[in-house]
Every structure is written in C-alpha cells, then in structure tokens.
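Letter by letter, the chains look like this.
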Amino acid sequence: MLVLSRQRDESIMIGDDVEIIIVDVRGDKVRLGITAPKNIPVHRREIYDAIQREKEESQKQQEKEPQTQSGKEL
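Calculation notes
Note on numbering: residues in each chain are counted from 1, in written sequence order. A pLDDT threshold of at least 70 governs which residues receive local features in this predicted model, and a stricter bar of 80 or more applies before side-chain atom pairs are shown or counted, although totals over entire chains, interfaces and linings include all residues. For side-chain calculations, the full set of non-hydrogen atoms in the structure is used, while hydrogens and water are omitted. Secondary structure follows DSSP: runs of H or I at least 4 residues long count as helices, runs of E at least 2 residues long count as strands, and numbering of each begins at the N terminus. Each residue is placed in one exposure class: buried if its accessible area under a 1.4 Å probe, protein chains only, is under 20% of its type's maximum, exposed if it is over 50%, and partly exposed if it falls in between. Residue contacts are defined here by distance: any two heavy atoms, one from each residue, within 4.5 Å place the two residues in contact. Salt bridge criterion: a side-chain nitrogen from Lys or Arg within 4 Å of a carboxyl oxygen from Asp or Glu. In this scheme, strands are said to pair when DSSP sees at least two bridges between them. For helices, the fitted line uses only the C-alpha atoms of the stretch in contact; every axis is such a line through C-alpha atoms, and the angle between N-to-C directions lies from 0 to 180 degrees. The patches described consist of residues with a relative accessible area above 30% and no salt bridge, like charges being joined within 9 Å and nonpolar side chains (Val, Leu, Ile, Met, Phe, Trp, Tyr) within 5 Å. Values of accessible area rely on a 1.4 Å probe in the Shrake-Rupley scheme; residue burial ignores everything except the protein chains shown.

S.K.: What am I meant to see in the overall build of the protein here?
M.R.: Looking only at helices and strands, the protein features one helix and five strands. Traced from its N-terminal end to its C-terminal end, the protein shows the element sequence β-β-β-α-β-β. Here the protein holds 74 residues, and 7% of them are scored as buried. For the protein, long-range pairs separated by at least 24 residues make up 0% of all intrachain contacts whose partners lie at least 6 apart in sequence.

S.K.: Would you take a moment to explain the pattern of salt bridges for this structure?
M.R.: Should the charged atoms of two oppositely charged side chains come close, the side chains can pair. Enumeration over the complete set of coordinates arrives at four salt bridges. Where Arg6 meets Glu10, a salt bridge forms, and the shortest distance between an N and an O atom there is 3.6 Å.

S.K.: What's the story with the sheet that holds strand E2 (residues 18–26) in this structure? I'm lost.
M.R.: Paired through backbone hydrogen bonds, the strands of a sheet run either parallel or antiparallel to each other. The sheet built from three strands is open, its strands ordered E1-E2-E3 with antiparallel pairing. At either end of the open sheet lies a strand with only one pairing partner, and these are strand E1 (11–14) and strand E3 (29–35). Within this sheet the neighbouring strands show an average axis-to-axis angle of 25 degrees, counted without direction. Inspection of the sheet shows E1 paired to E2 by four bridges, in the antiparallel sense. Bridging across to E2, Met13 finds its partner in Glu19.

S.K.: What's the story with a nonpolar patch on the surface in this structure? I'm lost.
M.R.: Together, Val25, Val30, Leu32, Ile34, Ile40 and Val42 line one region of the surface with nonpolar side chains, adding up to about 490 Å² of accessible area. A per-element tally of the nonpolar patch places E3 first, with three residues. Tracing the chain through its elements places Val30 in strand E3.

Structure (structure tokens):
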C-alpha cells in the first residue's frame, strides 16, 4: 500500500485519468473529490462490497436455475 500525505486542495493522480483531490479536512473526516472517466466506477468501500455481494447472490441464483434453451429444459 502506498501512503501519501496531502493537504487541502492538493491532489493525487492515478494513471493519466483519475485524480483525487483533498477538498476539506475537519477533525477526523476528510472530504475527497474524484475525477474519473465515466467508464471507471467509483464507489465508497461499503457500497462496493454491497454490489459485490449482490453479484455473488445473483450468480448463485443463476447456477441453481435449470439450464434452458428456448423455454425447454436441457
């Protein structure tokens, strides 16, 4: 893990397309601004984890359903 120190209004570049800007620091809270292309999803970790759980549950449901072709079981 790379650990960097930044102050308000300073930024970090990830590759050529993603910029993370320190917008504000108040006590133990840091506000970040993130600029990224639309094809790169950006989520808080807890939201990302929830999305991954939903994907796993969806895949498990699809695996449980019988394989069909044109509405007929194989």
